[in-house]
Amino acid sequence: MTVRTDTQGSVTTVYKVSGMSCGHCEGAVSGEISELPGVESVKAVATTGEVAVVSAAPLDEEAVRAAVDEAGFELVGPA
C-alpha cells in the first residue's frame, strides 16, 4: 500500500483489491470502506484494482481488509 500525508494532515493510502470488474464493484468496495471511522473519501478503480482512501489518520489494515471482504472482494496488498 502507498501512504502519503498531505499538507492538511489527511492520509492517502492506496490499496490493491482483486476481483473488481465494473462500476458496481467499485461502489460496493467504496461503500464498505467509507463506513470505517476517519475515512474522508474513497475512490475505487476496477480497471487497475486500486482503491485510494483519504482518511484523517492511517487506517488499521485489518479493518480495511474486513470491509473489502464484506463487499465480496479481496485486499491483496499494497498498490
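Whatever comes next refers back to the structure up there.
Residues numbered from 1 in each chain as written. Predicted model: local features only at pLDDT ≥ 70, side-chain atom pairs only at ≥ 80, totals over all residues. Heavy atoms only, no water.

Draft legend 1. Quick look at the overall build of the protein chain. Each helix and strand in the protein chain was counted, giving 2 helices and 5 strands. Traced from its N-terminal end to its C-terminal end, the protein chain shows the element sequence β-β-α-β-β-α-β. In terms of overall dimensions, the protein chain is globule-like: its C-alpha atoms have a radius of gyration of 11 Å, near the 12 Å expected for 79 residues. C-alpha extents for the protein chain along the principal axes are approximately 35 × 20 × 20 Å. With 79 residues in all, the protein chain has 38% of them scored as buried. (Helix = DSSP H or I, 4+ residues; strand = E, 2+ residues; numbered from the N terminus. Rg over C-alpha atoms; globule rule 2.2 N^0.38 Å. Buried < 20%, exposed > 50% of the residue type's maximum accessible area, 1.4 Å probe, protein only.)

Draft legend 2. Structural context of helix α1 (residues 23-34). The end-to-end C-alpha distance of α1, which contains 12 residues, comes to 16 Å, matching closely the 16 Å that a straight helix rising 1.5 Å per residue would cover. Among the residues of α1, those classed as buried are C25, V29, S30 and I33. One face of α1 carries all of its buried residues, which in axial projection span an arc of 125°. Looking at the packing, one finds that the buried side of α1 touches β3 (39-45), β4 (50-55) and α2 (61-71). (Expected span 1.5 Å × (residues − 1). Arc of directions from axis to C-beta. Contact = heavy atoms within 4.5 Å.)

Draft legend 3. A negative patch on the surface, seen in detail. On the surface, E35, D69, E70 and E74 cluster together into a negatively charged patch. For E74, a relative accessible area of 46% puts it in the partly exposed group. (Patch = residues over 30% accessible without salt bridge, like charges linked within 9 Å, V, L, I, M, F, W, Y side chains within 5 Å. Areas by Shrake-Rupley, 256 points an atom, 1.4 Å probe, with all protein chains shown as cover. Salt bridge = Lys/Arg side-chain N within 4 Å of Asp/Glu carboxyl O. Lys, Arg positive; Asp, Glu negative; His and termini not counted. Charge placed at Lys NZ, Arg CZ, Asp CG, Glu CD.)

Draft legend 4. Structural detail: α2. Considered for burial, the residues of α2 that qualify are V64, A67, V68 and A71. One side of α2 carries all its buried residues, which in axial view fall inside an arc of 95°. Buried-residue contacts for α2 involve β2 (11-18), α1 and β5 (74-78). In the stretch just after α2, G72 is the one whose phi turns positive, near 95°.

Draft legend 5. How the structure looks around the pairing of β4. Here 6 bridges tie β2 to β4, and the two strands are oriented antiparallel to one another. Across the sheet, residue V14 finds its bridge partner in β4, namely A52. Taking the residues that link successive antiparallel strands as the turn, the β3-β4 hairpin has 4 residues, and the phi of G49 there is positive, at about 75°. (Pairing = 2+ DSSP bridges.)

Draft legend 6. Seen up close, the environment of A44. With respect to the helices and strands, the residue A44 is situated in strand β3. The exposure class of A44 is buried, given its relative accessible area of 8%.

Draft legend 7. View of the nonpolar core. Grouped together as the largest cluster of nonpolar side chains are 20 residues, with contacts concentrated most on M20, I33 and V51. For this core, the elements supplying multiple residues, two or more each, are β2, α1, β3, β4 and α2. For this core, the leading source of residues is α2, giving 4 residues. Those residues in contact with M20 that sit more than four places away from it in its chain are C25, E26, V29, A44, V45, A46, G49, E50, V51 and F73. (Core = buried A, V, L, I, M, F, W, Y, C linked by side-chain atoms within 4.5 Å.)

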